[in-house]
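Now for the letters of each chain:
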Amino acid sequence: AGPVWIAADLHLGPDTPATIEAFLAFLEAAPEDAASLLLPGDIFDAWIGDDVIHIAPEWLAGVLSGLQHAAARLPIWIGRGNRDFLISEKLAAATGTHLLPDSARLQTQAGPVLLSHGDEYCLDDIAYQQFRTMVRNPQWQAQFLSKSIPERLAMAQEARAGSIQANSQKSMEIMDVNQDAIEAAFRSTGLSIMVHGHTHRPARHAIEVDGRHCERWVLPDWDCDHADPIRGGWLAIEEDGLVFYDLEQPEKP
Ligand code: LP5
Ligand code: MN
């Protein structure tokens, strides 16, 4: 028992040295206050397969060793997002962390909590859901992973550019979660607290589902490199409830 810390959408990569530094400081601090640490997706800006561990460029080597050191001090769970859906047991094993299922039921001091990346609820975004179905197909993944690392890096870059282009044409509503999907999740799990990332719209939403009071907490994304002011933070599930901690002023939630 003890607080659970949750952070998502760090989007770490070769162009995010300051965000990596903030994440490494966060990993150092976590064992002092948290009993476990959960990272439900988009830890990486683009993850092309766990075999990159063996040729880890410097930025990645630093992240992996940070995870490994922290994982020796508290249990860490890593999850897949839409940027790092290719994370597998190999990355977890290499860092001494555990792999989160796409949707997890957490036991916390504040009661049971439903945790996921959040993209699964974005059902109005048909183009994205088609993309998701494609890249989550084991055959597609095997074929992608059979390509060389430079080929995969080039495809990842194309997909990122394609995504940025596609998103500029989509409305904010389409890119947010679908309310029916959220209600269905509260209904089918019977849980009344949900935490997810992905939409980059940190908030605490209260909703009634069949007369039941439910809460949906949305995690912020992190950016200490290109955003001004910097963005990022985590959610702590403590005895008194859920608390957001902002990267800029962690002592004052
Ligand atoms: O990620 P973000 O925030 O920009 O937007 C997401 C959805 N986009 C994605 C795509 C990822 O960003 C791509 C990065 C994956 C890196 C992993 C490497 C594996 C390589 C894969 C090679 C094909 O998840 C976006 C949502 C948004 O969240 C909000 O929910 O709208 O969805 C899309 O942009 C999907 C598009 O509408 C349709 C697909 C465009 C991708 C173009 C593929 C080009 C393939 C080129 C391969 C040679
Ligand atoms: Mn995401």
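Before reading further, recall that the structure is shown in the block above.
Not measured: the values here are computed from a predicted model.

**Concerning helix α4 (residues 126–135)**
Residues three or four positions apart in an α-helix share a direction because the helix packs 3.6 residues into each turn.
At step 1: When α4 is considered as a whole, its buried residues turn out to be Tyr128, Gln129, Arg132 and Val135. Along the long axis of α4, the arc covered by the buried residues comes to 135 degrees, so they all point the same way. Turned more than 90 degrees from where α4 packs its buried face, Ile126, Gln130 and Thr133 sit exposed.
At step 2: Buried positions along α4 lie against α5 (138–145).

**Comments concerning the environment of Ile230**
At step 1: In this structure, Ile230 sits in the loop between β9 (212–218) and β10 (233–238).
At step 2: Setting aside residues up to four positions removed in sequence, Ile230 forms contacts with Asp223, Cys224, Leu247 and Glu248.

**Remarks on the coordination of the manganese ion (ligand 2)**
At step 1: Bound to the manganese ion (ligand 2) on the protein side are Asp42 (OD), Asn82 (OD1), His117 (NE2) and His198 (ND1), at distances that span 2.0 to 2.3 Å.
At step 2: Each donor residue of the manganese ion (ligand 2) belongs to the same chain, and together they define the spacing D-x39-N-x34-H-x80-H. Here Asn82 is found in the loop between β3 (76–79) and α3 (89–95), whereas its partner His198 is found in the loop between β7 (193–196) and β8 (203–209), with 116 residues between them in sequence.
At step 3: Judged by relative accessible area, which is 16%, Asn82 ranks as buried.
At step 4: With relative accessibility at 16%, the residue His198 sits in the buried group.

**Some points on the site of ligand 1**
At step 1: Around ligand 1 lies a shell of 22 residues, among which Arg83, Asp125, Arg160, Ser163 and Lys170 are the nearest.
At step 2: Asn82 is positioned with one of its side-chain polar atoms (N or O) 2.8 Å from an oxygen atom of ligand 1.
At step 3: Here Lys170 contributes a side-chain N or O atom positioned 2.7 Å from an oxygen atom of ligand 1.
At step 4: In isolation ligand 1 has 1000 Å² of accessible area, and contact with the protein removes 85% of it.
At step 5: Those elements that provide at least two residues to the shell around ligand 1 are α4, α5 and α6 (149–167).
At step 6: Ranked by residue count, the leading element in the shell around ligand 1 is α6, at eight residues.
At step 7: Partitioning the shell around ligand 1 into residue classes produces 13 nonpolar, four polar and five charged.

**Observations regarding the environment of Arg160**
At step 1: When you line up the elements, Arg160 lands in helix α6.
At step 2: In this structure the C-alpha to C-alpha distance between Arg160 and Val63, which are 97 residues apart in sequence, comes to 21 Å.
At step 3: Excluding anything up to four places from it in sequence, Arg160 contacts Asp45 and Arg83.

Cut-offs and rules
- Residues numbered from 1 in each chain as written.
- Chains lettered and ligands numbered in written order.
- Predicted model: local features only at pLDDT ≥ 70, side-chain atom pairs only at ≥ 80, totals over all residues.
- Heavy atoms only, no water.
- Buried < 20%, exposed > 50% of the residue type's maximum accessible area, 1.4 Å probe, protein only.
- Helix = DSSP H or I, 4+ residues; strand = E, 2+ residues; numbered from the N terminus.
- Arc of directions from axis to C-beta.
- Contact = heavy atoms within 4.5 Å.
- Donors = N, O, S within 2.8 Å, 3.2 Å for Na, K, Ca; no water.
- Near = heavy atom within 4 Å.
- Polar contact = N/O pair within 3.5 Å; in protein donor to acceptor, adjacent residues only side chain to side chain.
- Areas by Shrake-Rupley, 256 points an atom, 1.4 Å probe, with all protein chains shown as cover.
- Nonpolar A, V, L, I, M, F, W, Y, C, P; charged D, E, K, R; others polar.

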